[in-house]
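As a plain string of letters, each chain reads:
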Amino acid sequence: MEEVAKPIAKRERIGCARCGGRESREQFSVRGWPIVDCESCGLRFVNPRLPASQYEQVYGPEYFKSPDSLLCGYRDYGGERASVLRTFRRRFAWILKHARKPLVGGGFLDIGCAFGYALEVAIEEGMHAYGVDVSAHATNEAHGRGLRVDRGDTNTAARIVAKVGAMRLITSWDVIEHLPDPETHLRVLWNLLEPGGILSVITPDRSSLLARLFGTGWIEYQKPEEHIYFFRRDDLRALLDRTGFILAAESTAGKYVPLGFALERLAAYAKVFRVAKRLAWRVGAQTVYVDPLDKMHLLCRRP
Ligand SMILES: [Zn+2]
């Protein structure tokens with residue numbers, strides 16, 4: 001079959017999302033995508049990049065069952081439900097510990113909800129749960145399990161809030177690094193929260209030890225079509241502060257993974273784990289909590 005050459009998408013040069021600076025310097029590039037640091041504040045991002053409107057097109061059905069999860073999307077998100085739920089329950093426990101008011105009975109909204117697993121945990125906690133995601137494939141799957149999810153972005157979320165009232169807890173997990181305009185994202189979420197409401201943000205942390213050790217080989221740099229910002233803790237704190245949020249707690253975000261999967265990843269690095277991997281199939285569906293400390297979890301409050 002003859003392949004038709006795809007037209008090369010036009011790229012646009014952008015200013016800094018933290019300080020507005022126009023000058024940035026290329027640090028390295030990944031598969032032709034230049035990764036730059038702002039000359040004024042040091043924020044790292046992909047520049048030039050695709051026009052903002054094109055970033056939605058990445059998240060089709062292949063994203064959630066990717067032939068190559070290292071380059072794009074997830075390995076088998078549906079098949080990892082049990083460990084994802086366990087991860088989200090652990091995150092909720094941490095949020096509950098730091099939330100000043102009870103979450104039970106309040107509204108919950110997950111931005112970028114994928115198959116809606118966070119909604120399931122919020123429902124367990126007695127919340128009224130809603131979700132939005134840009135992927136029709138993901139929202140269809142969640143609908144099939146009776147969850148209240150809509151296909152769309154924060155504008156869609158705003159319409160939900162207009163209908164059902166402001167939210168007590170909003171989660172934006174592994175989302176903000178994908179978005180062309182992170183500050184607008186935070187401003188919209190601020191408006192969707194009730195006074196005293198909580199926002200939980202998780203994103204890769206470029207200031208983490210692991211990111212610094214791996215340098216340009218850090219896994220989060222390997223998807224420059226998806227991840228277009230690489231925040232340090234300080235970058236995200238500054239954006240949250242400017243939006244009006246009060247920082248309530250900070251942590252990292254690890255995840256439970258099936259033992260076999262963890263060993264498979266490790267086996268790629270060292271022979272000794274290949275033996276362990278074969279043993280792992282006998283222990284069945286065990287999961288282990290893995291936290292390389294290179295994702296930040298910032299919890300903040302709308303006053
Ligand atoms: Zn800057």
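Before reading on, note that the structure itself is shown above.
Keep in mind that this is a model prediction, so the values were computed, not measured.

A.B. asks: Describe the overall build of the chain, listing the residues and the values that go with them.
C.D. replies: Tallying secondary structure elements over the chain gives ten helices and 13 strands in all. Going through the 303 residues of the chain one by one, you find that 50% of them count as buried. Counted over contacts in the chain with a minimum sequence separation of 6, partners at least 24 positions apart contribute 70%. On the chain, roughly 14900 Å² of surface is accessible, and the fraction owed to carbon and sulfur atoms is 53%.

A.B. asks: Outline the sheet that holds strand S2 (residues 33–38), listing residues and values.
C.D. replies: Here we have four strands laid out as an open sheet, ordered S1-S2-S3-S9, and antiparallel in their pairing. What marks the edges here is a single partner per strand, and that holds for strand S1 (24–30) and strand S9 (229–230). One ladder, built from three bridges, connects S2 with strand S3 (residues 44–46); its direction is antiparallel. Looking at S3, one finds that Val 36 is bridged to Phe 45.

A.B. asks: Explain helix H6 (residues 182–192) to me, using residue names and the numbers behind them.
C.D. replies: One turn of an α-helix holds 3.6 residues; hence residues three or four places apart share an orientation. For H6, the full list of buried residues reads Pro 182, Glu 183, His 185, Leu 186, Leu 189 and Leu 192. Close packing links the buried residues of H6 with strand S4 (107–111), helix H5 (154–164), strand S7 (167–173), strand S8 (193–204), S9 and helix H8 (233–243).

A.B. asks: Which residues make up the pattern of salt bridges, and what are the values?
C.D. replies: A full pass over the atoms with the stated rule returns 19 salt bridges. With a shortest N-O distance of 3.3 Å, Asp 234 and Arg 18 are connected by a salt bridge. Taken together, the residues Asp 234 in helix H8 and Arg 18 in the segment before S1 connect sequence positions 216 residues apart. You can call Asp 234 partly exposed: its relative accessible area is 41%. With a shortest N-O distance of 4.0 Å, Arg 237 and Asp 234 are connected by a salt bridge.

A.B. asks: Any chance you could break down the side chain of Glu 183 for me, citing the residues and the numbers?
C.D. replies: Here Glu 183 shows up in helix H6. With a relative accessible area of 15%, Glu 183 lands in the buried category. At a separation of 2.5 Å, a polar atom in the side chain of Glu 183 contacts the side chain of Arg 187. Here Glu 183 is in contact with Ala 17, Leu 239 and Arg 242, once residues within four sequence places are set aside.

A.B. asks: Can you tell me about the coordination of the zinc ion, naming the residues and giving the values?
C.D. replies: Of the protein atoms, only Cys 16 (SG), Cys 19 (SG), Cys 38 (SG) and Cys 41 (SG) coordinate the zinc ion, at distances of 2.2 to 2.3 Å. Coordination at the zinc ion is tetrahedral, judged from the four donor atoms that bind it and the angles of 100 to 118 degrees they form at the metal. Taking the relative accessible area as the measure of exposure, Cys 38 reaches 4% and is therefore buried.

A.B. asks: Pulling in residues and values, what's your account of the environment of Ser 40?
C.D. replies: Note on placement: Ser 40 falls in the loop between S2 and S3. Residues Ser 40 and Glu 23, 17 residues apart in the sequence, show an inter-C-alpha distance of 7.6 Å.

A.B. asks: Describe the sheet that holds strand S5 (residues 128–133), with residues and values.
C.D. replies: Reading across the sheet, the seven strands line up as S6-S5-S4-S7-S8-S13-S10 and stay open at both edges, with mixed pairing between neighbours. The open sheet is flanked by strand S6 (149–151) and strand S10 (246–252), the only strands paired with a single partner. Strand-to-strand, the axes of this sheet are offset by a mean angle of 15 degrees, without reference to chain direction. Here S8 runs beside strand S13 (residues 295–301); their pairing, made up of seven bridges, is antiparallel. Looking at the pairing, Ser 200 lines up with Leu 299 of S13.

A.B. asks: Before we move on, can you summarise the nonpolar core with the specific residues and values?
C.D. replies: Where a protein is soluble and globular, its nonpolar side chains tend to be buried together. Grouped together as the largest cluster of nonpolar side chains are 46 residues, with contacts concentrated most on Leu 43, Ile 170 and Leu 199. Residue contributions to this core peak at four residues, all from S2. Leu 43 has contacts with Cys 16, Ala 17, Arg 18, Val 36, Asp 37, Cys 38, Arg 206, Tyr 229, Phe 230, Phe 231, Arg 232 and Asp 235, leaving out every residue within four places of it along the chain. Judged by nonpolar contacts, the second largest core, of 29 residues, contains Trp 94, Leu 103, Tyr 117 and Ala 138.

A.B. asks: Quick one: what's the story with helix H2 (residues 81–98), residue by residue and with numbers?
C.D. replies: The first and last C-alpha atoms of H2 sit 26 Å apart over 18 residues, in line with the 26 Å expected at 1.5 Å per residue. Among the residues making up H2, those that are buried are Ser 83, Val 84, Leu 85, Thr 87, Phe 88, Arg 91, Phe 92, Trp 94 and Ile 95.

A.B. asks: Can you lay out the side chain of Arg 301 for me, pointing to particular residues and giving the numbers?
C.D. replies: Considering the arrangement of structural elements, one finds Arg 301 in strand S13. We note that Arg 301 is buried and unpaired, the nearest opposite charge coming from Glu 194 at a distance of 10 Å. Apart from residues no more than four positions distant in its own chain, Arg 301 is found in contact with His 98, Arg 100, Gly 196, Gly 197, Ile 198, Gly 244, Phe 245, Ile 246 and Ala 248.

Cut-off values and rules
- Residues numbered from 1 in each chain as written.
- Predicted model: local features only at pLDDT ≥ 70, side-chain atom pairs only at ≥ 80, totals over all residues.
- Heavy atoms only, no water.
- Helix = DSSP H or I, 4+ residues; strand = E, 2+ residues; numbered from the N terminus.
- Buried < 20%, exposed > 50% of the residue type's maximum accessible area, 1.4 Å probe, protein only.
- Contact = heavy atoms within 4.5 Å.
- Areas by Shrake-Rupley, 256 points an atom, 1.4 Å probe, with all protein chains shown as cover.
- Pairing = 2+ DSSP bridges.
- Salt bridge = Lys/Arg side-chain N within 4 Å of Asp/Glu carboxyl O.
- Polar contact = N/O pair within 3.5 Å; in protein donor to acceptor, adjacent residues only side chain to side chain.
- Donors = N, O, S within 2.8 Å, 3.2 Å for Na, K, Ca; no water.
- Tetrahedral: all angles 85-135°; square planar, octahedral: opposite > 155°, others 65-115°.
- Axes fitted to C-alpha atoms, helices over the stretch in contact; angles between N-to-C directions.
- Core = buried A, V, L, I, M, F, W, Y, C linked by side-chain atoms within 4.5 Å.
- Expected span 1.5 Å × (residues − 1).
- Lys, Arg positive; Asp, Glu negative; His and termini not counted.

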